[in-house]
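Architecture and fold: a report
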Amino acid sequence: MTEWKDRVAARNEGIADAGRWRSIRTLDGGGPVFTLDDGRSIVSFASNDYLGLSQHPSVVDAAHEALNRYGSGSGSARLIVGARPVHRELEAELASWKSTEAALLFPTGFAANLGALTTFGTDGVLVVSDELNHASIIDGCRLSRAQVEIARHADVDHVESLLRAHDGPAIVVTDTVFSMDGDLAPLDDLVDVCARHDALLVLDEAHAVLGPSLPKGATDRVDILRVGTLSKTLGALGGFVAGPRAFVDLVVNAARPFIFTTAPTPADSAAALAALELLRSEEGQTLVSVLRARVDQIATTHPSPIVPVVLGDEERAISAAARLLDDHGLLVPAIRPPTVPAGTSRLRVALSAAHSEDQVTRLAKALAEL
Ligand SMILES: Cc1ncc(COP(=O)(O)O)c(C=O)c1O
């Protein structure tokens with residue numbers, strides 16, 4: 001027992017000594033304006049609630065109704081206790097949105113990536129993964145039985161040379177919008193490369209609210225699985241894998257992060273369903289245009305709502321974030337190693353249609369002062 005206490009203390013000290021100790025702040029409210037523990041009111045530019053749908057009355061009402069109808073929990077895994085109708089309805093809507101034959105819900109986007117990569121990344125398969133892919137893809141690769149090769153960021157020639165060197169089935173997996181840089185994967189070229197090598201293309205579209213979309217006719221040329229989250233643009237909690245029916249059926253039967261975990265709560269699924277219906281309506285498209293305008297206020301034509309301000313040094317990033325919060329009441333997280341490579345510590349600005357023009361102007365001015 002004492003040995004474990006010593007071991008834990010030494011590790012905690014090691015993290016603190018490296019200047020990488022993190023702790024969780026409490027923010028009261030629904031966002032983007034929150035109240036801190038000390039009573040200060042701040043505007044958050046940290047959340048991935050890109051369209052503000054977590055606060056939309058129809059989304060909140062749908063969650064309330066589901067709570068009243070189904071109760072709070074879903075009881076167990078779906079292969080044990082069955083799905084609720086709302087799970088099925090949401091899956092049908094997700095499949096329609098992604099123009100796929102089927103979709104399957106997971107408790108989180110993280111679990112969806114684990115499920116997809118462990119299902120298809122079996123013995124003898126090569127997985128080619130972009131070096132800046134999200135942690136859930138990295139862990140999905142680690143958990144799989146596949147041979148994993150890391151491709152240089154957005155370097156399609158490197159992807160192709162790794163595929164060429166392998167004799168057997170292959171998967172190419174990439175974020176479509178990279179979560180710390182907000183840049184895009186070269187989707188058109190990746191589709192071409194996968195078509196040439198008959199590789200399965202796994203796309204994580206967690207942040208793809210402003211695009212990119214799949215090139216026309218891509219699914220006629222390549223097998224594609226689309227992984228997504230309900231926790232960002234859709235303002236709820238959960239993840240999904242969408243693709244051809246037989247592929248999704250295999251996920252149901254093989255993915256341990258689906259089989260051995262409790263189904264998403266009905267309230268979360270109902271909220272995501274209402275959010276998705278909104279997103280696909282005229283109102284949703286208006287929100288997307290507002291988000292586009294907010295991004296343009298900070299970085300014209302930047303392709304996503306994630307705008308990095310790379311400062312290099314960890315200390316610089318931390319002190320810039322502290323100044324934004326203390327002097328301006330703006331919460332912009334400092335992102336540093338191990339989340340990003342050493343020397344690329346940054347502020348990560350996440351914009352939302354829920355931000356007012358004025359709030360974003362305040363942020364732009366404060367960033368300029370830095
Ligand atoms: C690219 C990417 N994929 C997957 C996830 C995981 O999604 P979730 O938060 O729903 O687990 C995230 C973020 O959390 C992400 O940024």
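Further up the page is the structure itself.
Residues numbered from 1 in each chain as written. Predicted model: local features only at pLDDT ≥ 70, side-chain atom pairs only at ≥ 80, totals over all residues. Heavy atoms only, no water.

Here we come to the pattern of salt bridges. A complete count under the given rule lists 16 salt bridges for this structure. Across the pair Arg 142 and Asp 139 runs a salt bridge whose closest N-O atoms are separated by 3.3 Å. Of the two residues, Arg 142 and Asp 139 both sit in helix 6 (residues 135–143), 3 residues apart, roughly one turn of that helix. Salt-bridge contacts for Asp 181 lead to Arg 346; the nearest nitrogen and oxygen are separated by 3.1 Å. In this pair, Asp 181 is assigned in the loop between strand 7 (170–175) and helix 8 (187–197) and Arg 346 in strand 14 (residues 345–350), connecting sequence segments 165 residues apart. Using a relative accessible area of 3% as the deciding quantity, one classes Arg 346 as buried. Members of the salt-bridge network, linked through shared partners, are Asp 38, Arg 40 and Asp 326. (Salt bridge = Lys/Arg side-chain N within 4 Å of Asp/Glu carboxyl O. Helix = DSSP H or I, 4+ residues; strand = E, 2+ residues; numbered from the N terminus. Buried < 20%, exposed > 50% of the residue type's maximum accessible area, 1.4 Å probe, protein only.)

On to the sheet that holds strand 7, then. One open sheet holds the 7 strands; their spatial order is 4-10-9-8-7-5-6, and the pairing between them is mixed. Every interior strand has two partners, whereas the edge strands, strand 4 (102–106) and strand 6 (147–151), have only one. Strand-to-strand twist in this sheet, taken as the mean axis angle between neighbours without regard to direction, amounts to 20°. Note: strand 5 (residues 126–130) against strand 7, 4 bridges, orientation parallel. By the bridge assignment, Val 128 is partnered in strand 7 with Val 172. Here helix 4 (residues 85–97) sits on the sheet and contacts strand 4 and strand 10 (239–243); the angle it forms with strand 4, its principal contact strand, is near 125°. (Pairing = 2+ DSSP bridges. Axes fitted to C-alpha atoms, helices over the stretch in contact; angles between N-to-C directions. Contact = heavy atoms within 4.5 Å.)

Within the element layout of this structure, Asn 113 appears in helix 5 (residues 109–120). Under the relative-accessibility criterion, Asn 113 is labelled buried at 1%. In this view, Asn 113 contacts Ser 136, Ile 137, Asp 204 and Val 227; residues no more than four positions away in its chain are not counted.

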